[in-house]
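Descriptive structure summary
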Amino acid sequence: MTQENAEVEATEPAAAPEPAPVHDPKKPPEKVNVQALQVDEEVNSWCGKCKGFYLHRVKTLQPPKPPKAVCIPCKAVHQVRLVEPGKKKKAGTDRPNLPSWDVLTADAEPELAPKYMITGNFEYGDFIMHSKFGLGCIVEVLTEERIQVSFEAGVKLLIQNYSR
Ligand SMILES: [Zn+2]
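Just so we're clear, the structure is a prediction, and the values are computed from it rather than from any experiment.

With that settled, the discussion passes to the overall build of the protein. The helix and strand tally for the protein stands at two helices and eight strands. Traced from its N-terminal end to its C-terminal end, the protein shows the element sequence α-β-β-β-β-α-β-β-β-β. Evaluated residue by residue, the protein yields a buried proportion of 23% over its 164 residues.

What follows is about the confidence of the model for the protein. Mean pLDDT for the protein: 84, with 80% of residues reaching 70 or above. Long-range and interchain partners of residues 89-93, a stretch whose pLDDT sits below 50, account for four contacts in this model, where long-range means more than four residues apart.

Read from one edge of the open sheet, four strands run 5-6-7-8, paired in antiparallel fashion. Looking at strand neighbours, the two that pair on one side only are strand 5 (127-130) and strand 8 (154-159), the edges of this open sheet. Sheet twist, expressed as the mean angle between neighbouring strand axes with direction ignored, is 40°.

On to the environment of Tyr 124. Mapping Tyr 124 onto the fold places it in the loop between helix 2 (101-104) and strand 5. Tyr 124 sits 18 residues away from Leu 142 along the chain, and the two C-alpha atoms are 9.8 Å apart.

A word on the sheet that holds strand 1 (residues 42-47). In space, the four strands of this open sheet follow the order 1-2-3-4, with antiparallel pairing throughout. Edge strands, defined here as strands with exactly one partner in the open sheet, are strand 1 and strand 4 (77-79). Averaged over all neighbouring strand pairs, the angle between strand axes comes to 50°, with direction disregarded. When strand 1 meets strand 2 (residues 52-62), the two strands line up antiparallel, connected through six bridges. Along strand 2, the bridge assignment pairs Ser 45 with Tyr 54.

With that settled, the discussion passes to unusual backbone geometry. The residue after Pro 63, namely Pro 64, is reached through a cis peptide bond having omega 5°. Looking at the element boundaries, Pro 64 is found in the loop between strand 2 and strand 3 (65-71). In the Ramachandran plot, Lys 75 falls in the positive-phi region, its phi being about 70° despite a non-glycine side chain. On the secondary structure map, Lys 75 appears in the loop between strand 3 and strand 4.

The next thing to look at is the pairing of strand 7 (residues 146-151). Taken together, the five bridges between strand 6 (residues 134-141) and strand 7 define a ladder with antiparallel strand orientation. Note on strand 7: the bridge partner recorded for Glu 140 is Gln 148. Taking the residues that link successive antiparallel strands as the turn, the strand 6-strand 7 hairpin has four residues. With six bridges connecting them, strand 7 and strand 8 associate as antiparallel partners. Across the sheet, the residue bridging to Phe 151 is Gly 154, located in strand 8. Taking the residues between adjacent antiparallel strands as the criterion, strand 7 and strand 8 are bridged by two residues.

Structurally, the position occupied by Gln 148 is in strand 7. Residues within four places of Gln 148 in sequence aside, it is in contact with Val 139, Glu 140, Leu 142, Val 155 and Leu 157.

Core analysis: the biggest nonpolar cluster contains 14 residues, and Phe 127, Ile 128, Cys 137, Ile 138, Val 139 and Val 149 have the highest contact counts within it. Among the secondary structure elements, those contributing two or more residues to this core are helix 2, strand 5, strand 6 and strand 7. For this core, the leading source of residues is strand 6, giving four residues. Beyond its immediate sequence surroundings of up to four residues, Ile 128 is in contact with Ala 113, Pro 114, Tyr 116, Phe 122, Gly 136, Ile 138 and Val 149.

Each value, and the rule that gives it
- Residues numbered from 1 in each chain as written.
- Predicted model: local features only at pLDDT ≥ 70, side-chain atom pairs only at ≥ 80, totals over all residues.
- Helix = DSSP H or I, 4+ residues; strand = E, 2+ residues; numbered from the N terminus.
- Buried ≥ 20, exposed ≤ 12 C-beta atoms within 10 Å, placed from the backbone.
- pLDDT = per-residue confidence, 0-100.
- Contact = placed C-beta atoms within 7 Å.
- Pairing = 2+ DSSP bridges.
- Axes fitted to C-alpha atoms, helices over the stretch in contact; angles between N-to-C directions.
- Core = buried A, V, L, I, M, F, W, Y, C linked by C-beta atoms within 7 Å.

In structure tokens:
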């Protein structure tokens, strides 16, 4: 190493590397063009299991729908989703911010949705298949025993964790 180089190094002390941004799973990721994603590309996507935005690796392209990606933390495979489903709940019964059923279920996989049963235990964001109302998305867990579910026919109050 020459003297000159040594001086250069001395005058530029460890140019602080960009600090890794603290990952906030509640913060929606930057807008990306999901249609432009390629297999093995990484993207921040909502994970219904992790209940947050986490890094996903693109697995399958399925245009015109967003690609499917595997969640790095939990390994679940699902469609890339850049917005949190359900979103903000408001006090009271009216929920003007609740996305419509077709938006909520846009990336649902009806064939994978578990059957709704009053003895079941469901979580916010879960998809269920109801014998009468069809595909639904849990939009609010009110109590241990009560859930609000968005169906095509509207939001219904259902029972969960039922035991006699
Ligand atoms: Zn996950």
